[in-house]
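Observations on the model geometry
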Amino acid sequence: MLITNSFKNGYDKNSGQKITFTLAGVTNPISTATTEPFQVSIFYEEGVNEVTRYTGKNLVFKAIASD
Amino acid sequence: MQTQSPLPPKSKIRIMIPTDFGVVCTVPAPCEGILEVDGKGSSLDPAPKHKFDNITRELTIFEFNIEPLQSLDNIGINFGPVKNPAATEPTSSFAIYLMDNLGNGVESVDKGITFTPLAGTFSHAKITTEDPIINKKYNEFKFEFIPEDSFTINATLKIVFPREIYVTQQVNIKDMD
């Protein structure tokens, strides 16, 4: 999923401010197995001129069983 | 760097630093933003005199060698502080000019000396939802990030969802700061 020109003021790292947003319209996994990690990156041109690429393995999601 | 030609003692180096690098000047010209220059090697002055012009981006290092340098001798120079570029695109080329002790040009190069930074990361990254029940449709996921690097309004954010999570074409984004 690409979100372009969404930072109306850009971002100043010295602010230390959190970037927060909510995505709606997502369907949870069909089981309680831990998912693969989400991958997040910020760039001007992918693979050419990048700013930030998150490669941590902790961005996973584990659904819980229904009643 | 390696010189092709011999250099007498007290030669001079001019290094043009690409504008992609940040150099903070605390006073008007001559800029003193580059505070430290170290020569590496027994033939070099370990702390040569220097000046930096922030307008021309020219760092001049005076009398950098104590001993004569022979052809193919190595010249090691550290300087700083400089701030790395803000994105991973290769910089324009540094230009380097070597002059003898009388100021005559000996060697120069102004192409191919570029720097390609690596991408940064996030100091904080978290994804949560208030409804984690399996198969929940039209759910909302909240994302929180603190990037370690600044970026401008033109930047694009890319999120790759795990294959186990289904994202409809009608996904909406809200509360974007």
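Every value quoted in this text rests on a predicted model; they were computed, and no experiment measured them.

1. Topic: the overall build of chain B
Check the secondary structure of chain B and you find zero helices and eleven strands. Taking 2.2 N^0.38 as the reference for a compact globule, 177 residues should give roughly 16 Å; the C-alpha atoms of chain B span a radius of gyration of 25 Å, well beyond that estimate. Its C-alpha atoms give chain B principal-axis dimensions of about 75 × 35 × 25 Å. Counting across all 177 residues of chain B, residues that qualify as buried make up 19%. When contacts within chain B are restricted to residue pairs at least 6 apart in sequence, those whose partners lie at least 24 apart make up 59%.

2. With respect to the overall build of chain A
In terms of regular secondary structure, chain A is built from zero helices and four strands. Helices and strands in chain A line up, N terminus first, as β-β-β-β. Reported as C-alpha extents along the three principal axes, the dimensions of chain A are approximately 45 × 25 × 20 Å. With 67 residues in all, chain A has 27% of them scored as buried.

3. Observations concerning the interface of chain A and chain B
Taken residue by residue, the interface counts 54 residues in chain A and 55 residues in chain B. Put simply, the parts of the chain that give the side of chain A that touches chain B at least two residues each are strand E1 (2-4), strand E2 (19-27), strand E3 (39-45) and strand E4 (49-54) of chain A. Here the side of chain A that touches chain B gets nine residues from one element, more than from any other, and that element is E2(A). The pairing of E2(A) with strand E9 (residues 139-147) of chain B spans seven bridges and is antiparallel.

4. Regarding the nonpolar core
Inside soluble globular proteins, nonpolar side chains tend to come together where they are buried. Counting 15 residues, the largest nonpolar core has Ile13(B), Ile15(B), Ile17(B), Ile34(B), Leu59(B), Ile61(B) and Phe64(B) as the members making the most contacts within it. The next biggest cluster of nonpolar side chains, apart from the first, holds ten residues, and it includes Val26(A), Tyr54(A), Leu59(A) and Phe141(B).

5. A look at the confidence of the model for chain B
When pLDDT is averaged along chain B, the result is 88; 91% of the residues meet or exceed 70. ipTM for the predicted complex: 0.90, alongside a pTM of 0.72.

6. Some words on the pairing of strand E3 (residues 50-53) of chain B
Residue and element names in this part refer to chain B. Of the two faces of E3, the one holding His 50 and Phe 52 is buried and the one holding Lys 51 and Asp 53 is not buried anywhere. Here four bridges tie E3 to strand E4 (residues 58-61), and the two strands are oriented antiparallel to one another. Bridge pairing in E4 places Lys 51 opposite Thr 60. Where E3 hands over to E4, the hairpin turn is made up of four residues, of which Arg 57 adopts a positive phi near 60°.

7. Quick look at the environment of Gly105(B)
Along the chain, Gly105(B) falls in strand E7 (residues 105-109). When the C-alpha atoms of Gly105(B) and Ser5(B) are compared, they prove to be 11 Å apart, with 100 residues separating the residues in sequence.

8. Some words on the sheet that holds strand E6 (residues 95-99) of chain B
Residues and elements named next belong to chain B. Taken in spatial order, the five strands make up an open sheet running E3-E4-E1-E6-E7, and their pairing is antiparallel. At either end of the open sheet lies a strand with only one pairing partner, and these are E3 and E7. In this sheet, neighbouring strand axes are inclined to one another by 15° on average, regardless of whether the strands run parallel or antiparallel.

9. Description of unusual backbone geometry
Residue and element names in this part refer to chain B. Following Gly 80, the chain continues to Pro 81 via a peptide bond in cis, the omega torsion being 0°. For Pro 81, the location among the structural elements is in the loop between strand E5 (76-80) and E6. Even without being a glycine, Lys 10 presents a positive backbone phi close to 65°. At Tyr 138, a position not held by glycine, the phi torsion is positive, near 55°. Structurally, Tyr 138 can be placed in the loop between strand E8 (122-128) and E9. For Tyr 138, a count of 13 C-beta atoms within 10 Å corresponds to the partly exposed category.

10. So, the pairing of E4(B)
With four bridges connecting them, strand E1 (residues 12-16) of chain B and E4(B) associate as antiparallel partners. Within the sheet, the bridge partner assigned to Ile13(B) lies in E4(B) and is Ile61(B).

11. Regarding the sheet that holds E4(A)
Spatially, four strands are ordered E1(A)-E10(B)-E3(A)-E4(A) in an open sheet, and the strand pairing comes out antiparallel. Every other strand in the sheet has two partners, leaving E1 and E4 of chain A as the edge strands with one partner each. Strand-to-strand twist in this sheet, taken as the mean axis angle between neighbours without regard to direction, amounts to 15°.

Definitions and cut-offs
Residues numbered from 1 in each chain as written. Chains lettered and ligands numbered in written order. Predicted model: local features only at pLDDT ≥ 70, side-chain atom pairs only at ≥ 80, totals over all residues. Helix = DSSP H or I, 4+ residues; strand = E, 2+ residues; numbered from the N terminus. Rg over C-alpha atoms; globule rule 2.2 N^0.38 Å. Buried ≥ 20, exposed ≤ 12 C-beta atoms within 10 Å, placed from the backbone. Contact = placed C-beta atoms within 7 Å. Pairing = 2+ DSSP bridges. Core = buried A, V, L, I, M, F, W, Y, C linked by C-beta atoms within 7 Å. pLDDT = per-residue confidence, 0-100. Axes fitted to C-alpha atoms, helices over the stretch in contact; angles between N-to-C directions.

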